[in-house]
Structures are given as structure tokens and as C-alpha cells.
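Each chain, written out:
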Amino acid sequence: MKKLLFLAALLFIGAAGAQTYPSRPIKIIVPFTPGSATDVMGRIVSERLNAAWGQPVVVENRPGAGGTIGIRETARAEPDGYTLVLVSSGHAVNHVLYKDLGYDSLKDLSAVAMLGSLPSVLIVPPSLGVNSVKELVAMLKAKPGQLNYATAGVGSGAHVNVEKFNVAAGVKALHVPLKGTPPILTETMAGRIQYAFVPAVSSMGLVREGKVKPLAVSTGQRIAALPEVPTLGEAGFPEAESTFWLALLAPVKTPSAIVGQINAEVRRSLQSADIKERLAKLGTEPMSMTPAESDAFIRREHDELGKVMHDAGLTPQ
């Protein structure tokens with residue numbers, strides 16, 4: 001009887017917390033630099049939640065170490081719904097790449113909502129003088145270990161993209177980890193980086209200006225924004241295809257009622273006509289899942305993408 005009363009009290013407390021949530025500002029940690037695809041999505045979500053709840057929803061950038069710095073901060077935060085983190089697909093491989101994350105990817109964080117998936121683009125500097133994926137692969141094979149590629153840090157979504165490509169193409173190159181997409185674009189334009197995968201949303205302007213050259217998109221279908229650019233499959237490397245996804249997480253003991261409330265508002269926002277239009281322009285496809293479905297999806301990616309990085313021969317730092 002005492003146990004039943006205790007459980008009932010816990011349910012009451014959780015329900016009461018959800019009814020008064022949110023009563024103060026909410027922080028969404030984006031573990032990458034301003035201007036990255038993760039940051040852009042974080043600001044879209046924060047604007048809509050702010051409008052819906054009448055409470056400030058603030059994006060705080062905590063870049064570094066493939067996103068693990070910001071994720072660690074969230075994992076250690078109070079599980080009250082006031083600290084969330086927006087992660088990319090790189091979150092699913094950090095357990096393979098870092099000896100001591102300071103958190104457990106699956107045990108210390110709970111999925112709140114999947115936000116969307118977006119294509120990445122394989123880019124090179126115009127000065128490199130290659131016009132196709134096959135020409136790039138031929139150059140890399142002719143100069144093994146002499147050319148370099150950039151990512152937004154070990155374990156980032158960009159890193160996952162590149163390693164899948166390198167394994168599929170059978171090439172070796174030097175890894176240059178940077179703090180996010182903007183520096184990747186800067187270094188590629190300057191010719192100091194020979195190739196990289198970047199979210200289409202972040203590179204579109206520079207592609208149109210001819211400052212970087214797109215060779216392929218990472219997804220299985222061409223994208224409307226770059227209809228002339230082939231997929232990796234069309235370029236001869238279907239095994240390298242991958243999707244960059246974004247998700248909202250919370251500390252693991254965040255009350256389920258609050259998680260459900262955030263999930264419902266996020267899904268409602270992503271289905272609104274104006275947000276769908278904004279996302280379409282960014283080449284982003286909304287992903288609508290419950291917290292349980294989101295958690296199952298991330299766990300599958302944890303296993304599958306973790307194997308990709310392991311097969312690439314990467315060892316923990």
C-alpha cells in the first residue's frame with residue numbers, strides 16, 4: 001500500500017510539474033558554432049517555442065570536441081526540462097571515438113524529439129581542378145595521405161559523412177578537425193582543405209557564387225536546391241550515402257510529462273505551414289516521432305553508425 005501511495009505521489013508531482021511548465025527561461029544548448037545547420041535549426045525551434053509558451057527559449061552555443069562539450073553539460077544539468085541539447089547524427093558515434101565522454105550517450109540522455117534530416121554536400125575548392133567524385137577519388141588514390149579533409153570535429157555529423165565516403169571509395173587522407181561548418185567553408189574556399197561534407201543549407205550561397213564546387217549530395221535522391229548535382233550513388237558510391245539528422249535531447253530523469261509536452265509542441269511547430277516552408281528552403285525534411293520512437297531511432301543509429309566508425313579504423317582519443 002505504501003508503495004502504491006509513493007508511486008501515486010510521483011505521478012502527481014510529474015503532472016503538476018507539466019502543468020506549470022515552463023515557468024522560467026529554457027536553454028537549448030547547440031554544441032556547434034553559430035551558422036552551422038544545428039544552430040540554424042536550434043533558432044527556428046527556439047523562436048516557435050518562445051512564441052507558444054511566452055517564455056524565453058535561449059540558444060547557447062557550446063562548440064568543441066565533436067559536440068561532446070555541450071552534450072556533457074546537458075547530461076549533468078538538472079533534469080527539469082529547462083536545459084536541452086540539440087544534437088546531430090555525430091552524437092551516435094562519440095562513444096566509439098572518445099575514451100572518456102564524461103557521460104553515457106544512451107544512459108544519461110533521453111530523446112525528446114527528432115527535428116529533421118537534411119542532405120550534406122561533398123565540396124571541393126575550385127582551385128583543386130576536379131569536376132566529379134571519380135576525379136576526386138582518382139586524385140586521392142594517386143596521393144594517398146597527402147590531401148586533407150575537414151570536419152566539425154571528431155565524431156561530428158560531417159565526420160561520419162567523410163568516413164563513410166573514405167571507406168566506400170577506399171581512400172586515405174589527413175583529417176583536419178575544425179570548430180564547425182563556417183571554418184570548414186572558409187578553409188575550403190582558400191584551398192587549404194581539399195574536400196569536405198557540409199550541410200546543404202550552410203553551403204548553398206557559396207555554391208551559387210562559385211566559391212566552392214559541389215560534387216555530390218549525400219542522400220539517395222537529388223535535392224531541389226541543387227538539381228544538377230548527382231547523388232553519391234549516381235557518382236558510383238552508393239555505400240557512402242548518409243543522412244544528417246538533428247534531435248532534441250534532455251537529461252535522462254526529466255519527467256516524462258514534460259518531455260511529452262515539449263515533444264508535442266515541437267511536432268506541432270514542425271507541421272505548421274510557415275515552418276515547413278522555411279525548412280523546405282533549407283533542404284530539410286521534418287521528422288515527426290514520439291519520444292519513444294525518437295529514442296529507438298537514436299539507439300539504432302548508435303549501433304549502425306558506431307560500426308561505420310569502427311570499420312574505418314578509428315580509435316578513441
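A brief structural summary. As the structure is a computational prediction, the values presented were derived from the model and not from experiment.

Further remarks concern the pairing of strand S10 (residues 244-251). Burial analysis of S10 places eight of its eight residues in the buried class, which makes it a mostly covered element. The pairing of strand S3 (residues 83-88) with S10 spans four bridges and is antiparallel. Counted as the bridge partner of Val85 is Leu249 from S10. Bridge count between strand S4 (residues 109-118) and S10: eight bridges; the pairing is antiparallel.

What follows is about the side chain of Thr151. With respect to the secondary-structure elements, Thr151 resides in strand S6 (residues 148-151). A distance of 2.7 Å separates polar atoms of two side chains, one belonging to Thr151 and the other to His175. If we skip the residues at most four places from it in the chain, Thr151 touches Ser156, Ala158, His159, Val162, His175, Val176, Pro177, Leu178 and Ile184.

Quick look at unusual backbone geometry now. Cis rather than trans, the peptide bond between Tyr21 and Pro22 has omega equal to -5 degrees. Along the polypeptide, Pro22 turns up in the loop between helix H1 (2-20) and strand S1 (26-30). We note that Ala65 has phi near 55 degrees; this positive angle belongs to a residue other than glycine. Along the chain, the position of Ala65 falls in the loop between strand S2 (57-61) and helix H3 (68-75).

Attention now goes to the sheet that holds S1. Sheet architecture is open: six strands sit in the order S2-S1-S3-S10-S4-S11, paired in mixed fashion. Of all strands in the sheet, those bounded by a partner on one side alone are S2 and strand S11 (285-286). Here five bridges tie S1 to S2, and the two strands are oriented parallel to one another. Counterpart to Ile28 in the pairing with S2 is Val59.

Take helix H9 (residues 256-270) next. In this model H9 runs 21 Å from its N-terminal to its C-terminal C-alpha over 15 residues, within 8% of the 21 Å that 1.5 Å per residue would give. Of the positions making up H9, those classed as buried are Ile258, Val259, Ile262, Asn263, Glu265, Val266, Ser269 and Leu270.

Parameters at a glance
- Residues numbered from 1 in each chain as written.
- Predicted model: local features only at pLDDT ≥ 70, side-chain atom pairs only at ≥ 80, totals over all residues.
- Heavy atoms only, no water.
- Buried < 20%, exposed > 50% of the residue type's maximum accessible area, 1.4 Å probe, protein only.
- Helix = DSSP H or I, 4+ residues; strand = E, 2+ residues; numbered from the N terminus.
- Pairing = 2+ DSSP bridges.
- Polar contact = N/O pair within 3.5 Å; in protein donor to acceptor, adjacent residues only side chain to side chain.
- Contact = heavy atoms within 4.5 Å.
- Expected span 1.5 Å × (residues − 1).

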